[in-house]
Amino acid sequence: MRQNFKKYIGRGLATAAALLLTACYEDHTDLEDRTTRIRISPEIEAFEADGTASVSGNSNITSVVLVKVGTRVSHMKWEAELVDWTPAVDETGPWAMIQRVPVVSQYTEVTGPNTVAVTQSGFELTALPNTGYGRRCTVRITAEDGTVQDYELLQYGELADAEVVPALESVEISFQGDPVDLAYTTNMGDKYAYSIAYEEGGSEGWLTAEHRGEGLLMLTAEPWDDMERDRRATLTITVGDDQTSKASVNIPVVQLKKAEYYYVYGSALGEEAATALQMKRESDNSYSASGFFFATEDNLVCINKDSRAGDPGWYLGADGELKNWDGNVTASDLKIEANGYRTLTVDFAAGTWNWVRQNNTPNCMPDEELANYPTKDYPTAAGGVKTWMTVSLHWNGGPGIGAIKLGSGLVGGTKTGGYGKPSDTTQPYDVRNPAYDTAENGGSIEELRADDGTPLASKYGRLYSSFEAVTGLPNGALNNAYQIVSPYGEPGAVLVDATGTSVTIENILMATLAAADDDAKAEADHPVLKMQIQGICPYGWHIANLQDWRDLIWAAAQASKGSRYEIAESSASYKAIGGGSIANLSTILFDASWNTYSSGSPISPLAPDFGFNMFIQGWRLYDTGYNYGATSSDPRFYAWIPLLGQYTSKKTSFWRIYISGHTKTDMTLNDGFDLGNGSGAAIRCVKNYK
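Residues numbered from 1 in each chain as written. Predicted model: local features only at pLDDT ≥ 70, side-chain atom pairs only at ≥ 80, totals over all residues. Heavy atoms only, no water.

Asks: Go over the pairing of strand 6 (residues 115-127) with me, naming the residues and quoting the values.
Replies: When strand 2 (residues 61-69) meets strand 6, the two strands line up antiparallel, connected through four bridges. Directly across from Ser63, in strand 6, lies its bridge partner Phe123. Relative to strand 6, strand 5 (residues 96-108) is paired through 13 bridges, and the arrangement is antiparallel. Residue pairing in the sheet places Thr108 in a bridge with Thr115 of strand 6. (Pairing = 2+ DSSP bridges. Helix = DSSP H or I, 4+ residues; strand = E, 2+ residues; numbered from the N terminus.)

Written out as structure tokens, the structure is:
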């Protein structure tokens, strides 16, 4: 056999077997010692739960065993066995078997098409089906001279292996030792354990981890008085056990050295002013804090050292100047241009400050465009007000946006420019068809215009796809496919909204709301009802959420009392919204010019004073194109609500509010406006609030 191999090598045969016979280690250890080494080829692949090999799909796994002594292949005998079973083998016996077998491999010569069958000594592995968790054992090869080489064998199970994912990759604790909550997710339920390892040479026992409920730890540290150095530890969370499967994660924990701390508060922080925000130390003289800042009458933002007791030490002045509080100051000259979430950074040595807007969507409408939008404060049942834009958004991204704009103008006709429903609804269209787009977006469709030639969209609002409305990425009111995923994350993900509030994404069905008897409890159970998604609204504003529309219904109910088209106050509830229809609502929302383009729409005489100005915008669908516009026989209004509704493998959707026919007096809300197929609808913006 060895002579035959030499013959083929001489002819230039490049095979794995030849490489095994002639390989030398890069560090030349084969030339310097006579160490026994064991190699297998190919490496062992895992078994699937059904007992087949995960890569090849075969019912077994085979590998060649090669024993070498120095540079030479040895004919030394070897044995193979399975050891170190995890979990331990029970009374039913081992789940995997190994036996020695001849392994035949096919190799092709480099110089020609001939193939050569090579038989070598090896082993065969088989595994039984696994209905439980993943399991492991060790394949141990032992040469005649006692040399041992181990290889891991893994079989996946029908049950998911243990997993643990912390909400924080690391934890920072103040020198005072203030508690820090650490959330984590796991699929192992109450099978968990925590341990703490302290840095070598450092103090021990200063960190405590307390279980506060499923998936939540509270870390507390003893006070730390060292002014020179931080102290460190590693928290390990382990989930599962040996009988299921186990997973662990190590989380670095640092307690900061003792330092000066500063707090920011004032009328511009709204509710947060009551407790103040502790600033985070960035360097010796630089501190930062993130929070929601309001444009208030005096815009006062104060800073104090160690606490907010007594008079402030500083306040934020105009032009980035940090000013000393002199006792005579009644208001700051700082001008906050919009309500919004910001990160404030102060350099106490330089006497300066700056802040950065957070959660600002790319290509959102700039501040200077706000002057083109009328607004109105509508009262809420809670005694406050909400500020609405009283016209739909008509921002196209501006001159620098590119050939394809944000959204599109309004289009007449019936089913104009549709791509049809593909057999694979998630497959993007191959080529964008200009015959289906407006001229503004490089197409041939003319958008609707007023008598003076002004596009109707520039006055009454554009149509936007769900994706571009949320992300700010322009696509001319067309989604890339008939069915797309959520543009802000899948259910279960955590989203930080425009006010800095963390919200766990979930989809809300009409039936869920229809069963809600208490609005406050519904919002506590489902914070997504009131999350504020900026989208392409300007900074400090957000796309109207479901709570906003509910509050608008309440304001409309108050305004309509005693009128022909009275709206029941009970309609302003999630239960009523879950029912799908709000009677008489459209009559007070209509724009006065609606019947200029349509006829027979029941407009309340109170509509002009209510001032919501709902106009015929129609929609655009991926499947059938533009429809229900101002010149169609059945003009309608549709608006996105950025709340996930029906969400399955076959249908993904947002909520919407719409009028289903121009002669209707009611408005419909539901959970089924397709993400993807629903490529164009209106957007209404509401000013942020806390």
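Text resumes after the structure shown.
Asks: Summarise the side chain of Ser408; cite the residues concerned and give the values.
Replies: The topology assignment puts Ser408 in the loop between strand 27 (385-389) and helix 4 (457-460). By relative accessible area, which is 0% here, Ser408 ends up buried. Among the polar contacts listed, one links the side chain of Ser408 to the side chain of Tyr626, at a separation of 2.9 Å. Not counting residues up to four positions away in its chain, the partners in contact with Ser408 are Thr438, Glu440, Asn441, Arg462, Leu463, Gly476, Ala477 and Tyr626. (Buried < 20%, exposed > 50% of the residue type's maximum accessible area, 1.4 Å probe, protein only. Polar contact = N/O pair within 3.5 Å; in protein donor to acceptor, adjacent residues only side chain to side chain. Contact = heavy atoms within 4.5 Å.)

Asks: Explain the domain arrangement of the chain to me, using residue names and the numbers behind them.
Replies: Often, the extent of an interface is quoted as the loss of accessible area upon association of its parts. Split by domain assignment, the chain resolves into domain 1 (36-155), domain 2 (164-255), domain 3 (262-357) and domain 4 (369-687). Using only C-alpha atoms to locate each centre, domain 2 and domain 4 end up separated by 45 Å. (Domains from an automatic or database assignment.)

Asks: Any details on the state of the cysteines? Residues and values, ideally.
Replies: The tally for this structure, following the rule as stated, stands at one disulfide. Here Cys537 pairs with Cys685 through a disulfide, and the sulfurs are 2.1 Å apart. The sign of the S-S torsion, about -85°, decides the handedness of the disulfide formed by Cys537 and Cys685: left-handed. Here Cys537, found in the loop between helix 7 (519-525) and strand 30 (541-543), pairs with Cys685, found in strand 38 (residues 685-687); they are 148 residues apart in sequence, far enough to count as distant. (Disulfide = S-S within 2.5 Å.)

Asks: Tell me what's going on with the nonpolar core, and back it up with residues and numbers.
Replies: Leu393, Leu546, Leu585 and Ile683 are the most contacted members of the largest nonpolar core, which has 91 residues in total. If we skip the residues at most four places from it in the chain, Leu585 touches Ile553, Ala556, Ile567, Ile657, Thr665, Asp666 and Met667. If you look at the next biggest cluster of nonpolar residues, it comprises 30 residues, including Tyr263, Val264, Tyr287 and Leu316. (Core = buried A, V, L, I, M, F, W, Y, C linked by side-chain atoms within 4.5 Å.)

Asks: Please set out the sheet that holds strand 7 (residues 135-143) residue by residue, giving values where relevant.
Replies: Strand order in this open sheet of three strands is 4-7-8, and the pairing throughout is antiparallel. Each end of this open sheet is capped by a strand with a single partner; those strands are strand 4 (78-86) and strand 8 (148-155). Each adjacent strand pair in this sheet contributes to an overall mean axis angle of 25°, direction not counted. (Axes fitted to C-alpha atoms, helices over the stretch in contact; angles between N-to-C directions.)

Asks: Break down the pattern of salt bridges for me, with residues and values.
Replies: This structure, assessed with the given rule, holds 22 salt bridges. Of the charged contacts, one joins Asp241 and Lys191 as a salt bridge, the two residues approaching to 3.7 Å between their closest N and O atoms. On the criterion of sequence distance, the pair formed by Asp241 in the loop between strand 15 (231-240) and strand 16 (246-255) and Lys191 in the loop between strand 11 (180-186) and strand 12 (192-198) is long-range, its members being 50 residues apart. You can call Lys191 partly exposed: its relative accessible area is 33%. When the shortest N-O distance is used, the salt bridge between Arg550 and Asp519 registers 3.2 Å. Of this pair, Arg550 sits in helix 8 (residues 546-559) while Asp519 sits in helix 7, and the two are 31 residues apart along the sequence. Residue classification places Arg550 among the buried residues on the basis of a relative accessible area of 12%. Judged by relative accessible area, which is 17%, Asp519 ranks as buried. Through salt bridges with shared partners, one network takes in Lys386, Asp519, Glu523, Asp548, Arg550 and Asp551. (Salt bridge = Lys/Arg side-chain N within 4 Å of Asp/Glu carboxyl O.)

Asks: I'd like a rundown of the packing of aromatic side chains, residues and numbers included.
Replies: For the structure shown, the criterion picks out 34 aromatic pairs. Judged by centre distance (6.3 Å) and plane angle (80°), the rings of Tyr184 and Tyr194 are edge-to-face. Of this pair, Tyr184 sits in strand 11 while Tyr194 sits in strand 12, and the two are 10 residues apart along the sequence. Tyr184 sits in the buried class, given a relative accessible area of 6%. On the basis of relative accessible area, Tyr194 is assigned to the partly exposed category, the value being 23%. Summarising the aromatic geometry, the rings of Tyr287 and Phe348 are spaced 5.9 Å apart at their centres and angled 80° between planes, so their arrangement reads as edge-to-face. (Phe/Tyr/Trp six-rings, centres within 6.5 Å; stacked < 30°, edge-to-face > 60°.)

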